Amino acid sequence: MSLAAPSLPGDSAASGYGLGARLLHHLALGGTAVAEASFDIDQAFAAAHRRDRTHDRHVFVAGLARAGTTILLRCLHRTGAFRSLTYRDMPFVLAPNLWSRLSGRGPRSIAARERAHGDGLLVDLDSPEALEEVFWRVFCGRDYLCGDRLVPMTAAPEIREKFARYVGALLQEAPDKRYLSKNNNNVLRLPSIAAAFPQAVILVPFREPLAQAGSLFRQHRRFCSPEHDGAFTRRYMGWLGHHEFGPGHRPFDFDGSLPQGDPTAGADYWLQQWIAVYRFLLKAAPPQAVFVSYERLCAETGLVWPTLCDRMALPALEPTEALRLPQQPRPLCTDTALQEEADALHARLLARAL
């Protein structure tokens, strides 16, 4: 049996999906009832063959967006050691085994397209992507999704157990692989991830604060432009939990305060978000968290990459993606005290990083 094949978002999520694909995404992702039912059916389908994977050395990449998280994900995924969610798993990402059989896994290939970020990274159906957030939104969205912000959460034991079973189901057809996740929203729940998978490695990438803040600012303006905005695009991004930037932006709130100012006016707003995220992570990240300076990884690849691979029990193969810093103009910060606070925090991160 073959159903509608997964589609790929091109320049925007809306432009890449036809009417049939949009309806299917509405059905699978637009509410929680169908998603929960698909999860339950898939779990029943997988139960007979699933084994316990809670003590495997899975890898979770989590940090503020625009820190090199996608590059890290792609480099690790191409080692062949991991199973990640990909566009081929869309839209029934909570029922990977059932959907693969119903869809016949779709066409073997679709021409790669540049992703909507305009950063030169090409995606196809087998590109790993941050689709895991659907699980957290469906089963405990009320714990962290607020109207204008995202807040830290602690997953209840039954949710952690359910997440472990979900990962086990994902790995059912890849028994020799480990799970690899890239999900920036996991910064809200890293202790829960560690509790579910005590042997996991958690990679927390970061960049020089103004460079990362400037990149967030440029992406926010890009996604707010008419060519990238639209009703379906907003819903699609919300279904996948992408609130990092764009019209559906919701900042992280760790202490009851939000970034001040206009996110479309400059980098200051985004620098406040950078400070909030990494200040929280320095305090709250579990012991297996490994902080990774993206600048250091690019400048000293021959030293940092083998050390990183060793932490993940991987052979130190050459990275498959070009690790280079984007050549973007450095934005200005109008608040000297804010800049000094960010620089001091960055120094602490570098002292703890590989």
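Each chain carries its own residue numbering, running from 1 in the written order of its sequence. Local features in this predicted model are restricted to residues of pLDDT 70 or higher, and side-chain atom pairs are both shown and tallied only at a pLDDT of 80 or more, whereas totals for entire chains, interfaces and linings draw on every residue. Calculation of side-chain values draws on the structure's entire complement of heavy atoms; hydrogens and water are dropped beforehand.

## Thoughts on the overall build of the protein
Note the cut-off: Each helix is a run of H or I in the DSSP string that is no shorter than four residues. Each strand is a run of E no shorter than two, and both are numbered from the N terminus. Only protein chains enter the accessibility calculation, which uses a 1.4 Å probe; a residue whose area is less than 20% of its type maximum is buried, one above 50% is exposed, and one in between is partly exposed. Two residues qualify as a contact provided that any one of their heavy atoms is within 4.5 Å of a heavy atom in the partner residue. Accessible surface is estimated by sampling points in the Shrake-Rupley manner with a 1.4 Å probe; for residues, cover comes only from the protein chains shown.
What the protein contains, in helices and strands, is 13 helices and 7 strands. For the protein, buried positions account for 59% of its 354 residues. Of the contacts made within the protein by residues no fewer than 6 positions apart, 80% connect residues no fewer than 24 positions apart. Accessible area of the protein: about 14500 Å², with a carbon and sulfur share of 53%.

## Things to note about the confidence of the model for the protein
The condition is simple: The predictor's confidence in any single residue is recorded as pLDDT, a number from 0 to 100.
Here the protein averages 88 in pLDDT, while 88% of its residues score no lower than 70. Low confidence marks residues 1–15, where pLDDT is under 50. Its contacts with residues over four positions away, or in another chain, come to 57 contacts.

## Here we look at the pattern of salt bridges
Quick reminder of the rule: By convention in these notes, a salt bridge is any Lys or Arg side-chain nitrogen within 4 Å of a carboxyl oxygen on Asp or Glu.
This structure, assessed with the given rule, holds 10 salt bridges. Residues arginine 83 and aspartate 89 are paired through a salt bridge, measuring 3.0 Å at the closest nitrogen-oxygen approach. Here the two residues arginine 83 and aspartate 89 agree in accessibility, since each one is buried. Taking the shortest distance from any N to any O, the salt bridge between aspartate 255 and arginine 279 comes out at 3.8 Å. Separated by 24 residues along the polypeptide, aspartate 255 in the loop between α9 (231–239) and α10 (268–284) and arginine 279 in helix α10 bring together distant segments of the chain. By relative accessible area, which is 33% here, arginine 279 ends up partly exposed. Members of the salt-bridge network, linked through shared partners, are Asp148, Arg149 and Asp253.

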